[in-house]
Amino acid sequence: MLSIENLTFAYQEKTILKGINLSIIQGKQVALIGESGAGKSTLLSLIHGNLLPQKGEILWNSEKILDPKKKLVAAHDNIKYLTQEFNVMPYTSVSENIKAPLSRMYPKKNQKISRQLLEVVGLEDYADTKVNRLSGGQKQRVALAKVLAKTPDLLLLDEPFSHIDVHQRNQLRRNLFAYLKQKGITCLFATHDPDDFLSFGDDCLVLRAGEIIDYRPMQQVYHSPKTKYTASLLGEMNIINGKMLQLEAYLHNEEFVVYPHEISVTSEASLKAKIHSAYFKGNHYLIEAFLANKKVYFTHSSALPEQTISSIKIEVDLAKRKLN
Ligand SMILES: Nc1ncnc2c1ncn2[C@@H]1O[C@H](COP(=O)(O)OP(=O)(O)OP(=O)(O)O)[C@@H](O)[C@H]1O
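What counts, and at which threshold
- Residues numbered from 1 in each chain as written.
- Predicted model: local features only at pLDDT ≥ 70, side-chain atom pairs only at ≥ 80, totals over all residues.
- Domains from an automatic or database assignment.
- Axes fitted to C-alpha atoms, helices over the stretch in contact; angles between N-to-C directions.
- Helix = DSSP H or I, 4+ residues; strand = E, 2+ residues; numbered from the N terminus.
- Parallel < 35°, antiparallel > 145°, perpendicular 65-115°, else oblique.
- Left-handed = near helix turned anticlockwise from the far one by under 90°.
- Contact = placed C-beta atoms within 7 Å.
- Nonpolar A, V, L, I, M, F, W, Y, C, P; charged D, E, K, R; others polar.
- Pairing = 2+ DSSP bridges.
- Buried ≥ 20, exposed ≤ 12 C-beta atoms within 10 Å, placed from the backbone.
- Near = placed C-beta within 6 Å.
- Expected span 1.5 Å × (residues − 1).
- Arc of directions from axis to C-beta.

### Topic: the domain arrangement of the protein
At step 1: The domains assigned to the protein are domain 1 (2-224) and domain 2 (236-321).
At step 2: A separation of 38 Å is found between the C-alpha centroids of domain 1 and domain 2.

Structure representation (structure tokens):
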């Protein structure tokens, strides 16, 4: 288990993380989300032992993560960190890179590990290719396989799929997170991509200006985000107020999060909206409309023409969507 107690960290006089308390139980996959500059990479670096906190403690299975000044190599051997600048050996083959962290005493076992990880990261056909001949995305996959070679207990990932194209990204994250689950590897991963965290985060940790503002199971965070800030990180959404919903005047300032797929056009409804644009999204359209002069987005099976319609319905329990 990872435990963080009252962690505070500053670069010179600028405080980046403030009083962080956190525990992650073994085997959980935790998504770390927050706007750019919120402190995600700094938190991962501290857990890895690359930075020294001004206050507080980080414990892995009750053992303190050591002060980087007191040892040559940061972090426990069983905690691995894949940073945004991945660490690969360019003039060595992909499989040699993957095997580099392993003891040379067991070549057969190492070969087996390398083959298995090549499959996880989808580089089976590149085992003997020198890394400097690979694309950025392929190098990122080699780096990922390398941090998994010596099965870590805790894996820290910082935007692990940032250089990988959408098609390969889907397969890679399915393979990777299934592998982590199978091996019981705890994972804390920082990402901005809802496709990463919605499907693969058991829990969601929301960081804002160096503070944890939410930490709950992923689906709870999605279905009832507590703040506008959190909602804005979860993908396309609407902030709808009581006035737009034609609620009683005294409820006009109440605000709710409504996702685009929760607004529909149906003959049983009576909310009025002015359709403005329709964006083709493949299997649906994203409609841009005005509800009481405020922009809203909703999904629809076809492109709606510019017109005013009186058949908009919000299909979600707004009590669960009220923002603080
Ligand atoms: N070496 C450094 N010296 C001084 N300030 C730094 C240093 N590294 C980061 N910072 C500052 O710390 C804050 C947090 O940065 P951090 O990289 O942890 O954010 P992040 O949430 O990971 O952002 P992103 O999503 O853009 O990667 C930022 O304001 C950044 O400018």
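### As for the packing of helix 3 (residues 107-121) against helix 4 (residues 136-149)
At step 1: Between helix 3 and helix 4, the least distance of the axes is 9 Å, while the angle of their chain directions is 135°. Here helix 3 lies oblique to helix 4, going by the angle between them. In this structure, helix 3 meets helix 4 at a crossing whose hand is right-handed. On helix 4, the residues touching Ile113, Leu117, Leu118, Val120 and Val121 of helix 3 are Arg141, Leu144, Ala145, Leu148 and Ala149.
At step 2: Taken together, the residues of the contact of helix 3 with helix 4 break down into 9 nonpolar, no polar and 1 charged.

### A look at the sheet that holds strand 14 (residues 271-280)
At step 1: In space, the 5 strands of this open sheet follow the order 13-17-14-15-16, with antiparallel pairing throughout. One side of each edge strand has no neighbouring strand; the edge strands of this open sheet are strand 13 (263-265) and strand 16 (294-300). Strand-to-strand twist of the sheet, defined as the mean angle between neighbouring strand axes without regard to direction, takes the value 50°.

### Remarks on unusual backbone geometry
At step 1: Positive phi outside glycine occurs at Asn6, with the angle close to 50°.
At step 2: The exposure class assigned to Asn6 is exposed, which follows from the 12 C-beta atoms found within 10 Å.

### Quick notes on the environment of Trp60
At step 1: With respect to the secondary-structure elements, Trp60 resides in strand 4 (residues 55-60).
At step 2: Put simply, Trp60 and Ile4 are 56 residues apart on the chain and 8.8 Å apart in space, counted from C-alpha to C-alpha.

### Details of the site of the ligand
At step 1: Residues in contact with the ligand, as listed here, are Tyr11, Ile16, Gly34, Ser36, Gly37, Ala38, Gly39, Lys40, Ser41 and Thr42.
At step 2: For the shell around the ligand, the element with the most residues is helix 1 (residues 40-48), which contributes 3 residues.
At step 3: When its residues are assigned to classes, the shell around the ligand shows 3 nonpolar, 6 polar and 1 charged.

### What to know about the pairing of strand 7 (residues 154-158)
At step 1: With 5 of its 5 residues buried, strand 7 lies for the most part within the structure.
At step 2: Here strand 7 shows no split at all, with Leu154, Leu156 and Asp158 on one side and Leu155 and Leu157 on the other all buried.
At step 3: For strand 6 (residues 79-82) and strand 7, the ladder comprises 4 bridges, and the chain directions are parallel. Within strand 7, the position partnered with Tyr81 by the bridge is Leu156.
At step 4: Of the pairings in the sheet, the one linking strand 7 to strand 8 (residues 186-190) comprises 5 bridges and is parallel in character. Bridging across to strand 8, Leu154 finds its partner in Thr186.

### Notes on the sheet that holds strand 3 (residues 29-33)
Hydrogen bonds between backbone groups are what pair the strands of a sheet, and the pairing can be parallel or antiparallel.
At step 1: Taken in spatial order, the 6 strands line up as 6-7-8-3-9-10 in an open sheet, and their pairing is mixed. Either end of the sheet is taken by a strand with one partner, and the two such strands are strand 6 and strand 10 (211-217). Geometrically, the sheet is characterised by an average inter-axis angle of 15° between neighbouring strands, direction not taken into account.

### Examining helix 3
At step 1: Look at helix 3: 21 Å from first C-alpha to last across 15 residues, which is about the 21 Å you get at 1.5 Å a residue.
At step 2: What helix 3 keeps buried is the set Ile113, Ser114, Leu117, Leu118 and Val121. The buried side chains of helix 3 occupy one side of the element, clustering within an arc of 135° when seen end-on. Helix 3 presents Lys108, Lys109 and Lys112 as exposed residues on the side facing more than 90 degrees away from its buried surface.
At step 3: Summarising the contacts, the buried residues of helix 3 are in contact with helix 2 (94-99), helix 4 and helix 5 (166-183).
At step 4: One or two residues past the end of helix 3 sits Gly122, with phi positive at roughly 70°.

### Describing the pairing of strand 17 (residues 308-314)
At step 1: Examined bridge by bridge, strand 13 and strand 17 share 3 bridges and lie antiparallel to one another. By the bridge assignment, Val265 is partnered in strand 17 with Ile312.
At step 2: Here strand 14 runs beside strand 17; their pairing, made up of 3 bridges, is antiparallel. In the sheet register, Lys274 faces strand 17, and the bridge partner there is Thr308.

### Section: helix 5
At step 1: Between its first and last C-alpha, helix 5 extends 26 Å over 18 residues, near the 26 Å set by a 1.5 Å rise per residue.
At step 2: Residues of helix 5 that are buried include every one of Leu172, Arg173, Leu176 and Leu180, and no others. Take helix 5 and look down its axis: the buried residues cluster within an arc of 100°, on one side only. Across from the buried face of helix 5, at angles greater than 90 degrees, the exposed residues are His167, Gln171, Arg174, Ala178 and Gln182.
At step 3: Lining the buried residues of helix 5 we find strand 3, helix 3, helix 4, strand 7, strand 8 and helix 6 (194-200).

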